[in-house]
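Single-letter residue listing:
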Amino acid sequence: KKKAQEVLAKWDSAARAELTATQVQRVMADLYREATGTTAQTFTVREYLNQWCENKGARGARRAADKYRQIVSEFLAHLGKRADQPLRQLTEADLSAYAIAAGKKVRARTANNKLILLAAALRDAWSENLIPDDICKRLKKIKLAEPEPMRRLPFCQEQVDTIIAMAEGEWKGIATLGAYTGQRLGDIVSLRWSNVGAGILAFTSRKTKRKMRIP
């Protein structure tokens, strides 16, 4: 009875807004430990997002993980000291504010892509019961005024010849292959003599997984 009265007193204080959010969470953690005999897993925003990135890298998505780390680092910097608050205190407004701030530095599409990545991480947290609600379900893409898109023009033959002529060492071969095969840099630098046949370059594109045969 005495223990029940102590718990009731804590909840009464919470109801009267006499406890901070952190103190309320501590009460919840104590109740969970007393009821189950185990400690509920808790993370700060920084701890969870950094661990999420590392898990992505460990599963083989190394290149993607580098991109995730960059966006997570930007988001944590945006939160400032609040990055070290409990993950459960993160709100939809925090994500929207970050996307708007990012949209002032980059194009709307890029800002929204950052938001999509963070939403994926937080949906994982929700599915693991680390946050009480899917705070991303009502998020909307940020509509920002876009400048006129840059018109990209291909190099003319004279420019291609100049690039190849100015290239040094391995870059001369890389530039030549890029110009005359149209392949990505990653595919070009991965070519081996085994990819060279009778007048044919045969390889599998790293991005599209398509089997390529180029004269």
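The paragraphs below set out a description of the structure included in this document. (Residues numbered from 1 in each chain as written. Predicted model: local features only at pLDDT ≥ 70, side-chain atom pairs only at ≥ 80, totals over all residues. Heavy atoms only, no water.)

### Digging into the side chain of Asp 187
In step 1: With respect to the helices and strands, the residue Asp 187 is situated in helix H9 (residues 185-189).
In step 2: The contacts of Asp 187, once residues within four sequence positions are left out, are Phe 203, Thr 204, Ser 205 and Arg 206. (Helix = DSSP H or I, 4+ residues; strand = E, 2+ residues; numbered from the N terminus. Contact = heavy atoms within 4.5 Å.)

### A word on the side chain of Lys 114
In step 1: As for its placement among the helices and strands, Lys 114 is situated in helix H6 (residues 108-127).
In step 2: A residue is classified by how much of its surface remains accessible, and Lys 114, at 9% relative accessible area, is buried.
In step 3: Reaching out from Lys 114, the side chain makes a polar contact with the side chain of Glu 74 at a distance of 2.8 Å.
In step 4: Not counting residues up to four positions away in its chain, the partners in contact with Lys 114 are Ile 71, Glu 74, Tyr 98, Ala 102 and Val 106. (Buried < 20%, exposed > 50% of the residue type's maximum accessible area, 1.4 Å probe, protein only. Polar contact = N/O pair within 3.5 Å; in protein donor to acceptor, adjacent residues only side chain to side chain.)

### Some details on the nonpolar core
In step 1: Counting 30 residues, the largest nonpolar core has Val 45, Tyr 48, Leu 49, Phe 75, Leu 87, Leu 95 and Leu 118 as the members making the most contacts within it.
In step 2: Listed by contribution, the elements that provide at least two residues to this core are helix H3 (45-58), helix H4 (62-79), helix H5 (92-103) and H6.
In step 3: Excluding anything up to four places from it in sequence, Leu 118 contacts Leu 49, Ile 71, Val 72, Phe 75, Leu 95 and Tyr 98. (Core = buried A, V, L, I, M, F, W, Y, C linked by side-chain atoms within 4.5 Å.)

### Looking at the pairing of strand S2 (residues 211-214)
In step 1: Burial of the side chains of S2 is restricted to one face: Met 212 and Ile 214 are buried, whereas none of Lys 211 and Arg 213 on the reverse face is.
In step 2: When strand S1 (residues 201-204) meets S2, the two strands line up antiparallel, connected through four bridges. When the bridges of S2 are listed, Ala 202 appears paired with Arg 213.
In step 3: In this structure, the hairpin formed by S1 and S2 is closed by a connection of six residues, where Lys 209 is found at a positive phi of approximately 65°. (Pairing = 2+ DSSP bridges.)

### Focus: the pattern of salt bridges
In step 1: For the structure on display, the rule yields five salt bridges.
In step 2: Its salt-bridge partner being Glu 54, residue Arg 69 comes within 3.0 Å of it at the nearest N-O pair. In this pair, Arg 69 sits in helix H4 while Glu 54 sits in helix H3, placing the two residues 15 residues apart along the sequence.
In step 3: Given a relative accessible area of 30%, Arg 69 falls into the partly exposed group.
In step 4: Note that Lys 114 and Glu 74 form a salt bridge whose closest N and O atoms lie 2.8 Å from each other. Linking Lys 114 in helix H6 with Glu 74 in helix H4, this pair joins segments that are 40 residues apart in sequence.
In step 5: Each of Glu 54, Asp 66 and Arg 69 takes part in one network of salt bridges that share partners. (Salt bridge = Lys/Arg side-chain N within 4 Å of Asp/Glu carboxyl O.)

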